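Summary of structural features
Given next are the chains, with one letter for each unit.
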Amino acid sequence: MPLSIAIIGSGPAGFYTADALMRACPECEINFIERLPSPYGLIRGGVAPDHQTTKKVAKKYERTALMEHVDYYGNVELNRDVSLQEFSELYDAVVLAVGAPNDKKMTIPGSDKYGVVGSAAFVGWYNGHPDFRDLDPGLNIDTAAVIGNGNVAMDVARVLLRSPEGLAKSDVPDHVAARISASPIKDVYMYGRRGPVEAKFTNVELREIKNLNHTVPMVRAEQLPDDLGAAFGNLDSRDRRLRERNLKSLREYAAFTGEEKPKRLHFEFYASPVEILGGERVEGLRLEKTRVVDGRAEGTGETFDLACGLVVAAIGYRSDPIEGAPYDEARGIIPNKEGRVSEGLYAVGWIKRGPSGVISSNRPDGEIVAGFIHDDFPNGGGNKPGRAGLEKLLKERDVRWVSFADWQKLEAMELENAEGPAPRKKFVTIEEMLNALDG
Ligand SMILES: Cc1cc2nc3c(=O)[nH]c(=O)nc-3n(C[C@H](O)[C@H](O)[C@H](O)COP(=O)(O)OP(=O)(O)OC[C@H]3O[C@@H](n4cnc5c(N)ncnc54)[C@H](O)[C@@H]3O)c2cc1C
C-alpha cells in the first residue's frame, strides 16, 4: 500500500513538505486539506497586493499540486468538518501546516476602541481574505499610527498611502481600493520601540517608500546614530550591511521637509504605545519615550500624544491551540522535536516554529519532516483508507470540497475578470467562490 499523508494547510510550509515528500517517496499519496477554497496561505492572503512578483512563487506550488499523487481538498476545515483524530484514522501520517493566522493582541488600555485593528485583520482585508471581507477599519481620517518596525508594518503603511494608480496595478479588491482612495489620510506614523538600527524592516521595503507617487518618507535626524555602534560589533557581515544600508536610507530621508508630496510616512523610533485615547472610537495614541539598554527598549517615564483616527498594531501573529494536538501556550506553537509531534503527527512552518521568517524559511521544515516520514514508515503504508475514506466522510457530512481543478477554474475567472492593469480580480467570499463553481 502506498503511504497516505494528509497535509493540513496549503501555505508555503505545506507545499514545501509535499514537494520534498514527492522526492523522498514518489509513490506516496498526498492530500492537501485547506479551510479556504483557495490555496497558498499567506502568499495569497498576507504578502502585499502591490508585491506581485513575490506572489509568483505560487506558480511553483501549482506544479506540485498538479503532480499525479497529489490531491487538494479546499473548503475543508480541520476540526470543523473532520477532527484531527479522524484524520489520524484515515491517513498514515498527518502534517499540520496551519500557520499562525491570528493577531497578537495589543493589551494597552483603550485597545478595544473602534479604529484599532491588528495587522492580520487589516492585511487580510486588503488582500481579500474571506474572513475579513466585512472589516470596517474607519478610514475617514487624516492621520494613522502603525505600531511595529517590521516588513508587515511597512506593508500596511505603504498600502494605506498608495495612490489610486498604484492600487489599480495591485490585486487589492475593488471595495478596499475605493475605501483607501476615498480616505483623506495624509500622515502615517510608524512607531518602533527601539532605534533605527534595531528596526526589522529590510532595505528593499524601506527604499520603496521613496518611490511612492504621493508619499514622502520623513525621519528626524536627531533619532539617527552616527554609526551602528559597539553593540553591533558581533553581527555577521550580512546583517551589518543590512543595518548600515537602512541607516543610509534613513539619513537620506531625513533631508525631506514633508512638502515634496501630499502625503507623509513618518518613521518614528524610541516610542512604545501605552494607551489608546478617545471615546468609542480612536482619537489618539499615547506613547512613552524609550531608550535602548543592552538591546532592549526601556521606558523613560516621559509620554507624548499623537492625534490619530486609526491604530494598526503590527506586533506579531499567533496560533490558536488545535483540538486533539498538544499546545505550548508560552510559545504559541505545537510542541515538537524538529517537526515530530507524536506518532504519525508532524508540524511544519509557523505552527511549528512560530511566526517568523520569510517564505523560503519554511522549506527546511518540509525537507526535515519528509525525511522523518520516509524513515518512520520503512514498509510503506498500513491499511488506512486515505483519500477514499476522506471523500466518503465528506460526502456523508455534505461538505462541498473544492478540488484543485475547481480552484483552477476560479483562478481563470479571477484572471479574466481583472480590469485595467490589475493582475486579477479576487473572489472575496467563500459563497462567491462556490456560486461561481456551482451556479
Ligand atoms: C502580512 C505578511 C506579509 C508577508 N510578506 C512576505 C513577503 O513579502 N516575503 C516573504 O518572503 N515572506 C513574507 N511573509 C512570511 C510568509 O508569508 C510566511 O513565512 C509563510 O506564509 C508561513 O507559511 P505557513 O505555511 O506556515 O503558513 P500560512 O502561509 O499561514 O499557511 C497556512 C494555511 O493553513 C490554512 N489553515 C489554517 N487553519 C486551518 C484549518 N483548521 N484547516 C485547514 N486549513 C487551515 C490557512 O488557510 C492557510 O492556507 C509575510 C507574512 C505576513 C504575515
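Residues numbered from 1 in each chain as written. Predicted model: local features only at pLDDT ≥ 70, side-chain atom pairs only at ≥ 80, totals over all residues.

What follows concerns the pairing of strand E9 (residues 215–219). Judged by how many residues are buried, E9 sits mostly within the fold: 5 of 5 residues are covered. Covered by surrounding structure in E9 are Thr215, Pro217 and Val219 together with Val216 and Met218, the residues of both alternating faces. As defined by bridge partners, E9 adjoins strand E10 (residues 263–268) across 5 bridges and the pair is classed as parallel. By the bridge assignment, valine 216 is partnered in E10 with arginine 264. (Buried ≥ 20, exposed ≤ 12 C-beta atoms within 10 Å, placed from the backbone. Helix = DSSP H or I, 4+ residues; strand = E, 2+ residues; numbered from the N terminus. Pairing = 2+ DSSP bridges.)

Right, let's talk about the sheet that holds E10 for a bit. Spatially, 6 strands are ordered E6-E14-E7-E8-E10-E9 in an open sheet, and the strand pairing comes out parallel. Strands at the two margins of the open sheet, each flanked by one partner only, are strand E6 (116–118) and E9. The sheet shows a mean angle of 20° between the axes of neighbouring strands, taken without regard to direction. Where helix H7 (residues 151–161) meets the sheet, it contacts strand E7 (143–147), strand E8 (187–191), E9, E10 and strand E14 (310–313), and its direction lies at approximately 175° from that of E8. (Axes fitted to C-alpha atoms, helices over the stretch in contact; angles between N-to-C directions. Contact = placed C-beta atoms within 7 Å.)

Quick look at the nonpolar core now. With 115 residues, the main nonpolar core has Ile5, Val95, Leu96, Val146, Val156 and Val311 as its most contacted residues. Residue contributions to this core peak at 8 residues, all from H7. Two domains each put at least three residues into this core: domain 1 (4–100 + 321–438) and domain 2 (102–317). If near-sequence neighbours (up to four positions away) are discounted, leucine 96 is found in contact with Ile8, Gly9, Ile322, Ala325, Ile334, Tyr346, Ala347 and Ile351. (Core = buried A, V, L, I, M, F, W, Y, C linked by C-beta atoms within 7 Å. Domains from an automatic or database assignment.)

Residues in contact with the ligand amount to 35 residues; listed here are only the nearest, Gly9, Gly11, Gly41, Gly99 and Gly349. Breaking the shell around the ligand down by element, the ones donating at least two residues are helix H1 (12–24), strand E2 (29–34) and H7. For the shell around the ligand, the element with the highest residue contribution is H1, accounting for 3 residues. Partitioning the shell around the ligand into residue classes produces 17 nonpolar, 14 polar and 4 charged. Both domains that meet at the shell around the ligand, namely domain 1 (4–100 + 321–438) and domain 2 (102–317), each give it at least three residues. (Near = placed C-beta within 6 Å. Nonpolar A, V, L, I, M, F, W, Y, C, P; charged D, E, K, R; others polar.)

On to the domain arrangement of the protein. Looking at the protein, the domain boundaries give domain 1 (4–100 + 321–438) and domain 2 (102–317). Between domain 1 and domain 2, the C-alpha centre-to-centre distance is 31 Å. Contacts between domain 1 and domain 2 engage 18 residues on the former and 21 residues on the latter. Grouping the amino acids of the side of domain 1 that touches domain 2 by side-chain chemistry returns 10 nonpolar, 4 polar and 4 charged.

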